[in-house]
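One letter stands for each residue in the lines below.
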Amino acid sequence: MSRSAHPAGPRHADVLPEGHYSAPPADLNALDPKVWAQTVTRDEDGVVTVGGIPVTRLAEEYGTPAYVLDEADFRARARAWRTAFGADADVFYAGKAFLSRAVVRWLHEEGLNVDVCSGGELATALSAGMPADRIAFHGNNKSVDEITRAVEAGVGHIVLDSFQEIVRVAHIAQSLGKRQKVLIRITVGVEAHTHEFIATAHEDQKFGIPLAGGQAAEAVRRALQLDGLELVGIHSHIGSQIFDMSGFEVAAHRVVSLLKAVRDEHGVELPEIDLGGGLGIAYTSDDDPREPHEIAKALTEIVTRECEAAKLRTPRISVEPGRAIVGPTAFTLYEVGTIKPLDGLRTYVSVDGGMSDNIRTALYDAEYSVALVSRTSDAEPMLARVVGKHCESGDIVVKDAFLPSDLATGDLIAVPATGAYCRSMASNYNHVLRPPVVAVDGGEARVIVRRETEEDLLRLDVG
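Now for a look at the structure at hand. (Residues numbered from 1 in each chain as written. Predicted model: local features only at pLDDT ≥ 70, side-chain atom pairs only at ≥ 80, totals over all residues. Heavy atoms only, no water.)

### Side note on the pairing of strand β4 (residues 66–70)
- In terms of burial, β4 is a largely internal element, 5 of the 5 residues being buried.
- Burial along β4 is two-sided: the face carrying Ala66, Val68 and Asp70 and the face carrying Tyr67 and Leu69 are both buried.
- With 4 bridges joining them, β4 and strand β20 (residues 437–441) adopt parallel strand pairing. Pairing of Asp70 across the sheet is with Val440, part of β20. (Buried < 20%, exposed > 50% of the residue type's maximum accessible area, 1.4 Å probe, protein only. Helix = DSSP H or I, 4+ residues; strand = E, 2+ residues; numbered from the N terminus. Pairing = 2+ DSSP bridges.)

### Here we look at the sheet that holds strand β3 (residues 53–54)
- Reading across from one edge, β1-β2-β3 is the order of the 3 strands in this open sheet, with antiparallel pairing throughout. The sheet terminates laterally at β1 (41–42) and β3, the two strands that pair on one side only.
- Taken together, the 2 bridges between strand β2 (residues 48–50) and β3 define a ladder with antiparallel strand orientation. For Val50, the partnering residue across the bridge sits in β3 and is Ile53.

### Regarding the packing of helix α2 (residues 71–85) against helix α9 (residues 292–309)
- α9 packs onto α2 with a crossing angle of 30 degrees between their chain directions and a minimal axis gap of 8 Å. Considering their axes alone, α2 and α9 lie roughly parallel with respect to each other. With respect to the hand of their crossing, α2 and α9 are arranged in right-handed fashion. Here Ala80, Trp81, Ala84 and Phe85 of α2 lie close against α9, whose contacting residues are Pro292, His293, Ile295, Ala296 and Leu299. (Axes fitted to C-alpha atoms, helices over the stretch in contact; angles between N-to-C directions. Parallel < 35°, antiparallel > 145°, perpendicular 65-115°, else oblique. Left-handed = near helix turned anticlockwise from the far one by under 90°. Contact = heavy atoms within 4.5 Å.)

### Regarding the pattern of salt bridges
- For the structure shown, the criterion picks out 24 salt bridges.
- Taking the shortest distance from any N to any O, the salt bridge between Glu110 and Arg79 comes out at 3.0 Å. Taken together, the positions of Glu110 in the loop between α3 (101–109) and β6 (113–116) and Arg79 in helix α2 put the pair 31 residues apart, joining distant regions of the chain.
- Taking relative accessible area as the criterion, Glu110 reaches 14% and is therefore assigned buried. (Salt bridge = Lys/Arg side-chain N within 4 Å of Asp/Glu carboxyl O.)

### Remarks on the state of the cysteines
- Evaluated as defined, the whole model comprises 0 disulfides.
- Left unpaired, Cys422 is separated from the closest cysteine sulfur, that of Cys117, by 16 Å.
- Take Cys422: its relative accessible area is 0%, and that puts it in the buried class. (Disulfide = S-S within 2.5 Å.)

### So, helix α5 (residues 144–153)
- Every buried residue of α5 is accounted for by Ile147, Ala150 and Val151. When α5 is viewed along its axis, its buried side chains cluster within an angular range of 95 degrees and face the same direction.
- Against α4 (119–127), β7 (135–137), β8 (157–160), α6 (163–175) and β9 (180–187) lie the buried residues of α5.
- Two residues or fewer after α5 comes Gly154, characterised by a positive phi angle close to 90 degrees. (Arc of directions from axis to C-beta.)

### Considerations on the nonpolar core
- Ranked by internal contacts, the top residues of the largest apolar core, which has 110 residues, are Tyr93, Ile158, Ile184 and Ile413.
- Sort the elements by how many residues they give to this core and helix α8 (residues 246–266) lands first, with 8 residues.
- The contacts of Ile158, once residues within four sequence positions are left out, are Phe137, Lys142, Ile147, Ala150, Val151, Val169, Gln180, Lys181, Val182 and Leu183.
- Ala37, Leu333, Leu412 and Val438 belong to the second-largest nonpolar core, a separate cluster that totals 21 residues. (Core = buried A, V, L, I, M, F, W, Y, C linked by side-chain atoms within 4.5 Å.)

Structure follows, in structure tokens:
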């Protein structure tokens, strides 16, 4: 449901004005294909299936909560991005959204590259067989050890994020007898229409080197002078969960203006431009994301037009979808525990997970959908808030949604579009064990990230 944040800020037991909520859906049993993975459907008994497997069987075999990932859907989305941009562009999967060795293998097989932003993500990509030259290394504060490992491995690009890092990467590369390909990440002053904490191209934030005041131009000057670096392009990322392409148009105009200034001052036409990622997905039926072919067409036309106006050769374009690939491919499966009706307000539905497996609602005020998946129901809809089991009033999974009024303890419910940032940001708050990731495909299921155990927790606690 679409709603605005309360003007006084988040309140977790608020009484909101009449008319605040949209009407309940006509059919609580319907599964909107916008927000569910491609193979999700209901069988003749009303049980939701994914990849041909009923969720009831998945719950029996793997327990709840569990992230359930549709491999066929993931591969199809990766392939759609690769096809949309073609051989003359590069598609880097943003590993921060969700990364595992199985996912890296799928990306490799579907022809995508991967970007990483930590030593752990780099280790995962390399251990799963992603060629190092198809890896880009991001991060605003890469350690000396991380940079050294990346250069030694032969990563295709390191994205420079500060003046200190320009010198640091150059020194490490030169000491290793290498010349490292790099991009400079700039902030172009574009405010993406998104949450403050995930808008990343305005000047007052930690990422990149500002275009304003000539700082980006100075970064280019320094990078071009250092023997350990091969400056190949400019990187710009304007935010996350973006539906409006106008921000990319402004960003591309400003990036190309910098490329023109570089050519005019240094006689060098940088051959690459990376426009980042951040394209949105449907978390609810109200969201209306664009398809990869539409995005590819729009971005290519924007860059081509700007370069023609600046009399520049059109550089090779890179993009970095992460959420847009993995987000819609997974849902989180929960078992209903306590149900607490509050007269005149809503019903609190507690599940066996919560903010430890999905922090986004608490962190970003994110909205999600939810459905009863172990059966169908003809009961009247009730306004519900799906909450977790943690000792925190902000432990909310779905703030406001309609569920059948006959919902009972032991029912299975599922929250779709949880493939991105839920497992990657999962925690052990209250020493709750992180759920497994179960991949399904063609009637078969397998664990690709296993459920944590108490032994895992105690092994780290050295006493």
